[in-house]
Amino acid sequence: MLEHATTPTTGRDRSGVGRLLGLGLLLVVCWLGVEHTRGNPPDETTTLRVGVLQFGTVTWELETLRRHGLLDPHGVTLEVVPLASENALAVALQGDRVDLIVSDWLWAARQRDAGHAYQFAPYSLSIGAVMIDPAAGIDGVTDLPGRKLGIAGGPVDKTWILLRAYARERHDLDLGATVEPTYAAPPMINALMLDGTLPAAVNFWHYNARLESRDMQALLTIEQMLADLGIEPLPPLLGWVFREEWAERHHQALQAFLAATYEAKRILATDDTAWEPLRTLVRPEDERMFSTLKAGYRDGIPRRYGDAEIEAAQRLFEILAEEGGGALVGGVRHLDPQVFWDGFRLP
């Protein structure tokens, strides 16, 4: 489920400070070696229409960007369009109501295969994890058969499919035939975990963080699964998706926007006070939950993005395609590197 999810307990530096010191250089990275004659002339003002989930985590970053005026020097303004669901985001982009949304490269690849040239630039590493109730007596993947498993993303949820591929490869288990899937909306999955109905679940990262703050635990992270399956480095799984033709016409404005979002990430990674104005968007129930949500967001910030990460995404696609089949990947046979916009890299 590639919404905005990573497990809240990845084993990385939870403070986010040490591993993100280099983010202060990202604005420079976005511009070095770039052909500035493309797209809008620098003296023009460009408005980018950004579709967001009304209560999604993308709003945290965009509000930080706005509050700090990070686009002001670049002649770029944002029109933020709140929408109610991921499907509504996709429809808005396809219908030219918005210019950018956050989605995953698999969606962009399927659209490209269907003749619609969309491209992807990294937003987050964040995806899902297998969360468990510590009272359920589940110590590993081999304890999942015969149990209920909550799945927030439906039968073709990507985290669920990756978990199945991992269990098949590493433990010779067919989880698709041996667990009892319970499909429900993310808040309902959490409610069923907390009332003891579900012993284990897969959910979006910010819901996992909320579970962690209520003493639920991560059994297995996506990062661990990918590493065990030989997928390294960890590729960004969520990104800004936009039309290739639009990106060509708005090359400089798009680069300025992406640079500004990474400056917002740097601020949120290193400055706890920057989170205080976001409380009404984050909506934590208490300080412990606020802390786990901040840590989960910071864990998902991409540190590197280049050829190695794109190649890792292509290898991950092969695993997802083999396990999920046409229901997941449609007619896509290989992940076209043209899906990944060449105007943005992180060293």
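In this text, all values refer to a predicted model and were calculated from it rather than measured experimentally.

A.B. asks: Can you help me understand the sheet that holds strand S4 (residues 118–124) in this one?
C.D. replies: The strands making up a sheet are joined through hydrogen bonds of the backbone, oriented either antiparallel or parallel. The three strands lie next to each other as S3-S10-S4, forming an open sheet whose pairing is antiparallel. Every interior strand has two partners, whereas the edge strands, strand S3 (101–104) and S4, have only one. Adjacent strand axes in the sheet meet at a mean angle of 45° when their direction is disregarded. Summarising the sheet, S4 and strand S10 (residues 238–243) pair through six bridges and their orientation is antiparallel. By the bridge assignment, Ser-124 is partnered in S10 with Leu-238. On top of the sheet, helix H3 (residues 86–94) reaches S3, S4 and S10; it is set at about 110° to S3, its chief contact.

A.B. asks: What should I look at first to understand the pattern of salt bridges in this one?
C.D. replies: Close approach of charged atoms allows side chains of opposite charge to pair. Per the stated rule, a full pass over the model turns up 19 salt bridges. Residue Glu-63 pairs with Arg-67 through a salt bridge whose shortest N-O separation is 3.1 Å. Here Glu-63 and its partner Arg-67 are both found in helix H2 (residues 58–67), four residues apart, which amounts to about one turn of the helix. In this structure, Asp-174 and Arg-168 form a salt bridge, with 3.6 Å as the shortest nitrogen-oxygen distance. Through salt bridges that share partners, Arg-164, Arg-168, Asp-174 and Glu-323 make up one connected network.

A.B. asks: I keep staring at the pairing of strand S2 (residues 76–83) and nothing clicks. Help me out?
C.D. replies: Consecutive residues of a regular strand have side chains that alternate between opposite faces of the sheet. Across eight bridges, strand S1 (residues 46–53) lies against S2 in parallel orientation. When the bridges of S2 are listed, Val-50 appears paired with Val-80. Handedness of the crossover joining S1 and S2 through H2 is recorded here as right-handed.

A.B. asks: So what exactly am I meant to see when it comes to the side chain of Gln-111 here?
C.D. replies: By the secondary structure assignment, Gln-111 is in helix H4 (residues 105–113). What makes Gln-111 buried here is its relative accessible area of 12%. A polar contact of 3.1 Å, which involves the side chain of Gln-111, links it to the side chain of Gln-94. When residues no more than four places from it in sequence are discounted, the contact partners of Gln-111 are Gln-94, His-116 and Tyr-118.

A.B. asks: It is not clear to me how the packing of aromatic side chains should be interpreted in this structure. Could you clarify?
C.D. replies: For any two aromatic rings, the description comes down to two numbers: the centre-to-centre distance and the angle of the planes. Here the structure, examined in full by the defined rule, presents twelve aromatic pairs. Here the aromatic rings of Trp-60 and Trp-275 are separated by 5.8 Å at their centres, their planes lie at 70°, and the arrangement is edge-to-face. Pair noted here: Trp-60 is in helix H2 and Trp-275 is in the loop between helix H11 (251–270) and helix H12 (279–282), with a separation of 215 residues, a long-range link. The class for Trp-275 is buried, based on a relative accessible area of 0%. Between Tyr-123 and Trp-240 the ring centres are 5.9 Å apart and the planes differ by 80°, which places this aromatic pair in the edge-to-face class. Taken together, the residues Tyr-123 in strand S4 and Trp-240 in strand S10 connect sequence positions 117 residues apart. The exposure class of Tyr-123 is buried, given its relative accessible area of 2%. Relative accessible area serves as the criterion here: at 0%, Trp-240 is assigned to the buried category. Feature note: the residues Trp-60, Trp-205, Trp-275, Phe-290 and Tyr-297 constitute an aromatic cluster, connected by ring pairs. The lysine or arginine in question, Lys-265, covers the ring of Tyr-262, its NZ or CZ lying 5.0 Å from the ring centre.

A.B. asks: Any chance you could explain the nonpolar core here in plain terms?
C.D. replies: The nonpolar side chains of soluble globular proteins are, as a tendency, buried together. Counting 107 residues, the largest nonpolar core has Trp-105, Leu-163, Trp-240 and Phe-257 as the members making the most contacts within it. Take this core: its biggest share by element is eleven residues, from H11. In terms of nonpolar packing, the next biggest core, distinct from the first, is built from nine residues, Leu-192, Leu-198, Ala-201 and Leu-211 among them.

A.B. asks: Could you clarify how one ought to interpret the environment of Asp-174 in this entry?
C.D. replies: Take Asp-174: it is sitting in the loop between helix H5 (158–171) and helix H6 (175–178). The spatial distance from the C-alpha of Asp-174 to the C-alpha of Arg-164 is 6.8 Å, given a sequence separation of ten residues. Among the polar contacts made by the side chain of Asp-174, one reaches the main-chain amide nitrogen of Gly-176 at a distance of 3.2 Å.

A.B. asks: Would you take a moment to explain the sheet that holds strand S6 (residues 148–151) for this structure?
C.D. replies: The strand order across the open sheet formed by five strands is S7-S6-S8-S5-S9, and the pairing between neighbours is mixed. The open sheet has two free edges, formed respectively by strand S7 (180–183) and strand S9 (217–221), since each of these has just one partner strand. Across the sheet, the mean angle from the axis of one strand to that of its neighbour is 30°, orientation sign disregarded. Here strand S5 (residues 129–132) runs beside strand S8 (residues 200–203); their pairing, made up of four bridges, is antiparallel. Bridge assignment links Ile-132 to a residue of S8, and that residue is Ala-200. Packed onto the sheet, H5 meets S5, S6, S7, S8 and S9 and runs at close to 140° relative to S6. Helix H7 (residues 186–194) rests against S5, S6, S7 and S8 of the sheet, and its axis sits at about 160° to S8.

What counts as what
- Residues numbered from 1 in each chain as written.
- Predicted model: local features only at pLDDT ≥ 70, side-chain atom pairs only at ≥ 80, totals over all residues.
- Heavy atoms only, no water.
- Pairing = 2+ DSSP bridges.
- Helix = DSSP H or I, 4+ residues; strand = E, 2+ residues; numbered from the N terminus.
- Axes fitted to C-alpha atoms, helices over the stretch in contact; angles between N-to-C directions.
- Contact = heavy atoms within 4.5 Å.
- Salt bridge = Lys/Arg side-chain N within 4 Å of Asp/Glu carboxyl O.
- Right-handed = clockwise from strand over helix to strand, strands pointing away.
- Buried < 20%, exposed > 50% of the residue type's maximum accessible area, 1.4 Å probe, protein only.
- Polar contact = N/O pair within 3.5 Å; in protein donor to acceptor, adjacent residues only side chain to side chain.
- Phe/Tyr/Trp six-rings, centres within 6.5 Å; stacked < 30°, edge-to-face > 60°.
- Lys NZ or Arg CZ within 6 Å of the ring centre and 35° of its normal.
- Core = buried A, V, L, I, M, F, W, Y, C linked by side-chain atoms within 4.5 Å.

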